[in-house]
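Fold and contact review
Here are the chains, one letter per residue:
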Amino acid sequence: MGWLYESLNSSIGKKFIMAVTGISLILFLIFHLAGNLTLFAGPEAFNGYVEKLEGIKPIIRIIEVPLALVFIFHIFNGVRLWWENRKARPEKYAVNGQSKNTNVFSRTMIYSGSIVFIFLVLHLATFWVAFNFTGEPHEKAYAYYGVVADWFQHLWYVAVYVVAVILLGFHLNHGFQSAFQTFGWNHKKYFPIIEKIGTIYAIVMSVGFASMPIYFYLNGGS
Ligand code: HEM
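The notes below deal with the structure included here.

Rules of the game
Residues numbered from 1 in each chain as written. Predicted model: local features only at pLDDT ≥ 70, side-chain atom pairs only at ≥ 80, totals over all residues. Helix = DSSP H or I, 4+ residues; strand = E, 2+ residues; numbered from the N terminus. Buried ≥ 20, exposed ≤ 12 C-beta atoms within 10 Å, placed from the backbone. Contact = placed C-beta atoms within 7 Å. Near = placed C-beta within 6 Å. Nonpolar A, V, L, I, M, F, W, Y, C, P; charged D, E, K, R; others polar. Axes fitted to C-alpha atoms, helices over the stretch in contact; angles between N-to-C directions. Parallel < 35°, antiparallel > 145°, perpendicular 65-115°, else oblique. Core = buried A, V, L, I, M, F, W, Y, C linked by C-beta atoms within 7 Å. Expected span 1.5 Å × (residues − 1). Left-handed = near helix turned anticlockwise from the far one by under 90°.

Structural notes on the overall build of the protein chain
When helices and strands are tallied, the protein chain shows 10 helices and zero strands. Element order for the protein chain, N to C, with α for helix and β for strand: α-α-α-α-α-α-α-α-α-α. Across the 222 residues that make up the protein chain, the buried fraction comes to 19%. Within the protein chain, contacts between residues at least 6 apart in sequence are counted, and of these 80% link residues at least 24 apart.

A short note on the site of the ligand
Taken together, 21 residues surround the ligand, and among them E64, F127, F131, F209 and M212 come closest. Residue assignment for the shell around the ligand shows that the elements contributing at least two residues are α2 (11-36), α3 (43-55), α4 (57-88), α7 (109-134), α9 (155-182) and α10 (191-218). Element by element, the count of residues in the shell around the ligand is highest for α7, at eight residues. Here the residues of the shell around the ligand sort into 16 nonpolar, four polar and one charged.

Here we look at the packing of α9 against α10
α10 packs onto α9 with a crossing angle of 170 degrees between their chain directions and a minimal axis gap of 8 Å. As summarised for this structure, α9 and α10 are arranged roughly antiparallel, according to the angle between their axes. Here the contact of α9 with α10 is composed, by residue class, of 20 nonpolar, six polar and one charged.

Topic: the nonpolar core
With 22 residues, the main nonpolar core has Y145 and V148 as its most contacted residues. Secondary structure elements with two or more residues in this core: α8 (143-151), α9 and α10. Beyond its immediate sequence surroundings of up to four residues, V148 is in contact with L39 and F127.

Considerations on the environment of S178
As for its position among the elements, S178 is in helix α9. Exposure remark for S178: the 17 C-beta atoms within 10 Å place this residue in the partly exposed category. Taking the C-alpha atoms as reference points, S178 and G198, separated by 20 residues in sequence, lie 9.5 Å from one another.

Considerations on α2
Across its 26 residues, α2 extends 37 Å between first and last C-alpha, which sits within 8% of the 38 Å expected from 1.5 Å per residue. Among all positions in α2, only I17, M18, T21 and G22 are buried. Looking at the packing, one finds that the buried side of α2 touches α1 (2-9), α4 and α9.

Some points on the packing of α2 against α9
Packing of α2 against α9 brings their axes to within 9 Å, and their N-to-C directions diverge by 125 degrees. Considering the angle they form, α2 stands oblique to α9. Considering only the axes of α2 and α9, their crossing is left-handed. Facing K15, F16, A19, G22, I23 and I26 of α2, the residues of α9 in contact are L172, G175, F176, A179 and T182. Partitioning the contact of α2 with α9 into residue classes produces seven nonpolar, three polar and one charged.

Comments concerning the environment of S106
With respect to the element layout, S106 can be found in helix α6 (residues 104-107). For S106, a count of 16 C-beta atoms within 10 Å translates into the label partly exposed. With 65 residues separating them in the primary sequence, S106 and H171 have C-alpha atoms 8.1 Å apart.

Structure (structure tokens):
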């Protein structure tokens, strides 16, 4: 097993872990957004969706373990890669300007990622805890939908969501194409298509996730 540890610990190994965990998170976000969009169809639709998930709770609990591990590996490895790159060339950027292969999205991955992480802690401490532990403060008809609608009445909470999902969009825009590059899919002709798909994906995620807090805030929770 020593060889496995060594190869995953090499710099290409770490890039590979970032790409595999990143793609898993990209897929998770598609399902998460699709499920949450039922909020726009009203309390019945959203509560029905959550109750369906409740019905398969043991499966959800099993999925949550690898999902948490994927998040942890992605964050831990990302910080390590950033730290090692920083140590390897501390003044180069300041002296020679930015390298040709980097842009504002790639250079700020550590910052956009860190803010998304802080957002995630807040998000889980409010929604996930309410949905799983503290129960429903509302009557049945309003239930889960009410928890979301109530939180999105607070301007500070809505503002944190909107800023975080815009930065999430920046993070996904670079992360998407970077993962494909790590897998070696950087063919001159097709790579621009991958870049475009990544940008469209990032915009859809940002706009989709930002639309819910904005909608509830503007509509007073209905
Ligand atoms: C407006 C946007 C969002 C809404 C309304 C929303 C809603 C929710 C709700 C209601 C839950 C609890 C579900 C349950 O336990 O049954 C949840 C869990 C979760 N959310 Fe979000 N979410 C949003 C954005 C995001 C974003 C942008 C991310 C990632 C960066 C994210 C990551 C997660 C994770 C990891 C969980 C835990 C999943 C699980 O353990 O089942 N969410 N979200």
